[in-house]
Amino acid sequence: MSRESTLGPVRGPALGPTGVGGIWHEAFLYHGDVGFLSATRDFVLAGLAADEDVLVAVTPPRMALLRTALGRAARRVTFLDLAEVGRNPARIIPAWQEFLDLGIERGRTVRGIGEPLWSGRPVPEQRECMLHEALLNEAFAAPPAWRLRCPYEVAVLDSVTADEVWQTHPVVVDGGLGRVSARYRPPGEPAPATSATSATSATSVAAAVAATSVAAATSAAAAVADAGATSGAATSVAAAAAVATAAVADAAVTVAAGVAPGPSRAADPFARPGVATRPDPLGESLPNLGQPRAEVAFGPDDLGLVRAAVTRAALADGLGEDRAGDLELAVHEVATNSVRHGGGRGVARFWTGDGCLICEVSDSGQLADRLAGRRRPDLDLSGGRGLWLVNQLCDLVQLRSGRAGTTVRMFMYI
């Protein structure tokens, strides 16, 4: 993968547009099972101690590991199988929004753990995971305040993706030390921050963290009874100490975050001289897949031809009637959008490779809503459901839009 396909070196305030009034979005770099528990167990216990609602979105093996470590406290945690819900990363933001909305209805504060990358994720899914991480900062920029920790196993990250972790998270916990990322910037932010701005932002992080530590420590005793699955005075004392320590240490993240910035652009060996920012990741080009097996140019009267081409390709690849029908509907929705909003015409292309059928629709239009398809549409609206439906029907969707037009690439695994 070329360096040009990354989200690019970015800078900006640690809180940027997210801040204490919206999402507190942090990454935690870890090694192995023990490291995963250090990234998650105390974070969950601190949330329970503060009487917060907690959602953990991870794969089943990680879920089982954390449940065991939490003991009875796991009963107070909501778990979500991210291997199922998040196979297409465009579905993850709606899952967080649903949990946050439920918290708002109940008058509850919310925190979550989400591990979007795991060993074996195909490269296209990895790319969409990092785009998802960037768009999280936009989707939840406004109140209410809530906290999301994203664990990343270091062994799973290549150098490009590891760099993007720092680009998409205002704060990164690395080696047990919370660091303000000097490269963080939400997509589309026009200019990097000055060192003075970064310093002010770092101070804000430390101050906000210190404030939350007081509340967490005060209510830590409330979670003591849930901390372990065994009884006895010695175990109870140990549990109490563990929960109290978790509440304070987790909330602090490390006040040193205010004086320990993450890797800066100047230290980035891949940085291009004289380039302050890279293009918006939503506007980057998708990888060239080579000569398509089929290509259909279409206009308003040709949508039937597009549907027929999808069905032929799907059945020829053994996709099965039901999934072939899902893909036909998804491509039809995108092609219809091209006719209505993309200049009236488009091109559909088809590839087969790596165990999947890929259908792409491109046109000359430009996307108006950066989070299109990532918000659950209102039931009382007649429009705005096309890309949402596409994300629910397909195993993976890659959407890019810029001055050159819009491309939607849909994957169905065979």
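**A word on the side chain of His-25**
Here is step 1 of the chain: Note on placement: His-25 falls in strand β1 (residues 23-30).
Here is step 2 of the chain: The exposure class of His-25 is buried, given its relative accessible area of 2%.
Here is step 3 of the chain: Separated by 2.9 Å, the side chains of His-25 and Asn-137 make a polar contact.
Here is step 4 of the chain: At a separation of 3.2 Å, a polar atom in the side chain of His-25 contacts the side chain of His-169.
Here is step 5 of the chain: The contacts of His-25, once residues within four sequence positions are left out, are Glu-133, Leu-136, Asn-137, Leu-148, Cys-150, Thr-168, His-169, Pro-170 and Val-171.

**Observations regarding the sheet that holds strand β3 (residues 78-81)**
Here is step 1 of the chain: Strand order in the open sheet formed by seven strands is β3-β2-β4-β5-β1-β6-β7, with mixed pairing between adjacent strands. The open sheet has two edge strands with one neighbour each: β3 and β7 (177-180). When strand polarity is set aside, the average angle formed by the axes of neighbouring strands in this sheet is 20°.
Here is step 2 of the chain: Note that β1 and strand β5 (residues 146-153) share eight bridges and pair parallel. Paired with Phe-28 across the two strands is Pro-151, which belongs to β5.
Here is step 3 of the chain: Helix α6 (residues 159-168) rests against β1, β5, β6 (171-174) and β7 of the sheet, and its axis sits at about 150° to β1.

**Quick notes on the confidence of the model for the protein chain**
Here is step 1 of the chain: Confidence in the prediction for the protein chain averages 80 pLDDT; 71% of positions are at 70 or higher.
Here is step 2 of the chain: This model gives residues 1-19 a pLDDT under 50, and the stretch forms 78 contacts once residues within four places in sequence are excluded.
Here is step 3 of the chain: Taken as a whole, residues 251-261 scores under 50 in pLDDT and shows 33 contacts with residues more than four places along the chain or in a different chain.

About the criteria used
- Residues numbered from 1 in each chain as written.
- Predicted model: local features only at pLDDT ≥ 70, side-chain atom pairs only at ≥ 80, totals over all residues.
- Heavy atoms only, no water.
- Helix = DSSP H or I, 4+ residues; strand = E, 2+ residues; numbered from the N terminus.
- Buried < 20%, exposed > 50% of the residue type's maximum accessible area, 1.4 Å probe, protein only.
- Polar contact = N/O pair within 3.5 Å; in protein donor to acceptor, adjacent residues only side chain to side chain.
- Contact = heavy atoms within 4.5 Å.
- Pairing = 2+ DSSP bridges.
- Axes fitted to C-alpha atoms, helices over the stretch in contact; angles between N-to-C directions.
- pLDDT = per-residue confidence, 0-100.

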